[in-house]
Amino acid sequence: MAADAFPEPAVPLSPEQQARLSALFTQYYDPLCAYACRWGTGLLTDAEDAVQDAFVLLSANAVLDVPGDDRPLGYLYTTVRGRMMNGARDLATVRRQHA
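Since this is a predicted model, take the numbers as computed values, not measurements. Note on numbering: residues in each chain are counted from 1, in written sequence order. At least 70 in pLDDT is required for a residue's local features to be given in this predicted model, at least 80 for side-chain atom pairs to be given and counted, and no such filter applies to totals for whole chains, interfaces and linings, which use all residues. Think of the side-chain values as coming from all heavy atoms in the structure, minus any hydrogens and water.

1. Section: the nonpolar core
Consideration 1: If you look at the biggest cluster of nonpolar residues, it comprises 19 residues, and the most contacted ones within it are Leu 32, Val 51, Phe 55, Leu 58, Leu 76 and Val 80.
Consideration 2: The helix and strand labels rest on DSSP assignments: H or I over at least four residues marks a helix, E over at least two residues marks a strand, and numbering proceeds from the N terminus. Those elements giving two or more residues to this core turn out to be helix H1 (15-39), helix H2 (44-61) and helix H3 (71-97). To qualify as a nonpolar core, a set must consist of buried Ala, Val, Leu, Ile, Met, Phe, Trp, Tyr and Cys residues joined through side-chain atoms within 4.5 Å. For every residue, the accessible area (1.4 Å probe, protein chains only) is compared with the maximum for its type, and the residue is labelled buried under 20%, exposed over 50%, or partly exposed between those bounds.

Right, here's the structure in full:
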């Protein structure tokens, strides 16, 4: 997914929230994907899925209300790391069961 292809928000956002979410997506999509690759399977497709999921969850949790607030960025990094670690753990479990 290209950084300019923003996923649809899970809940209606105000125009200000939408602009902030779009700006975060444009600025941090690639760095978040690189970060995600370090925490999971190492596959870019898994990283992209985790990053997109994090943005959808961010839009649903409405932590976009205060411009200049770093909470949305921290939320994104924490969510991406958690998604990737869960995916890697699930993959390891499947491999053990089929070994």
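Now, onward.
2. A short note on the layout of surface pockets
Consideration 1: With a 1 Å grid spanning the protein atoms alone, the term cavity applies to any set of points in which a 1.4 Å probe fits but cannot get out, the term pocket to an open set with protein on both sides within 12 Å along at least five of seven lines, and the term lining residue to any residue with an atom within 4 Å of a point. Grid points are joined across faces, edges and corners, and a volume is the space filled by probe spheres set on the points. When its volume is computed, the largest pocket comes out at roughly 160 Å³.
Consideration 2: Lining the largest pocket are ten residues, with Asp 46, Arg 83, Met 84, Asn 86 and Gly 87 positioned closest to its centre.
Consideration 3: It is H3 that contributes the most residues to the lining of the largest pocket, five residues altogether.
Consideration 4: Here the term charged refers only to Asp, Glu, Lys and Arg, the term nonpolar to Ala, Val, Leu, Ile, Met, Phe, Trp, Tyr, Cys and Pro, and the term polar to all other amino acids, Gly among them. Per-class residue counts for the lining of the largest pocket are three nonpolar, three polar and four charged.

3. Observations regarding the confidence of the model for the protein chain
Consideration 1: Every residue gets a pLDDT, meaning the predictor's confidence in that residue, from 0 to 100. Taken as a whole, the protein chain shows an average pLDDT of 79; of its residues, 74% reach a score of 70 or greater.
Consideration 2: Across the protein chain, H1 holds the top mean pLDDT of 90, while H3 sits lowest at 80.

4. So, the packing of aromatic side chains
Consideration 1: For Phe, Tyr and Trp, where Trp contributes only its six-membered ring, two rings pair if their centres lie within 6.5 Å, and the inter-plane angle classes them as stacked under 30 degrees, edge-to-face over 60, or tilted in between. Applying the stated criterion across every chain yields a total of four aromatic pairs.
Consideration 2: Both rings, one in Phe 25 and one in Tyr 29, keep their centres 5.1 Å apart while their planes meet at 40°; by these two values the pair is tilted. Taken together, the residues span about one helical turn, with Phe 25 and Tyr 29 both in helix H1 at a distance of four residues. In this structure, Phe 25 and Tyr 29 share a single accessibility class: buried.
Consideration 3: Centroid distance Phe 25 to Phe 55: 4.9 Å. Interplanar angle 75°. Geometry classified as edge-to-face. Here Phe 25 is found in helix H1, whereas its partner Phe 55 is found in helix H2, with 30 residues between them in sequence.
Consideration 4: Judged by relative accessible area, Phe 25 falls into the buried class, the value being 1%.
Consideration 5: Given a relative accessible area of 1%, Phe 55 falls into the buried group.
Consideration 6: A connected cluster of aromatic rings, assembled from ring pairs, spans Phe 25, Tyr 29 and Phe 55.

5. Details of H1
Consideration 1: The end-to-end C-alpha separation of H1 is 33 Å, in line with the 36 Å expected for 25 residues at 1.5 Å each.
Consideration 2: The angle separating two fitted axes, one through the seven residues that finish at a residue and one through the seven that start at it, defines the bend at that residue. Tyr 28 marks the point of greatest bend in H1, at about 55°, and the proline Pro 31 comes within the next four residues.
Consideration 3: Turning to H1, its buried residues are Gln 17, Arg 20, Leu 21, Leu 24, Phe 25, Tyr 28, Tyr 29, Leu 32, Cys 33, Tyr 35 and Ala 36. Expected helix span is taken as 1.5 Å per residue step, with the number of steps being one fewer than the number of residues.

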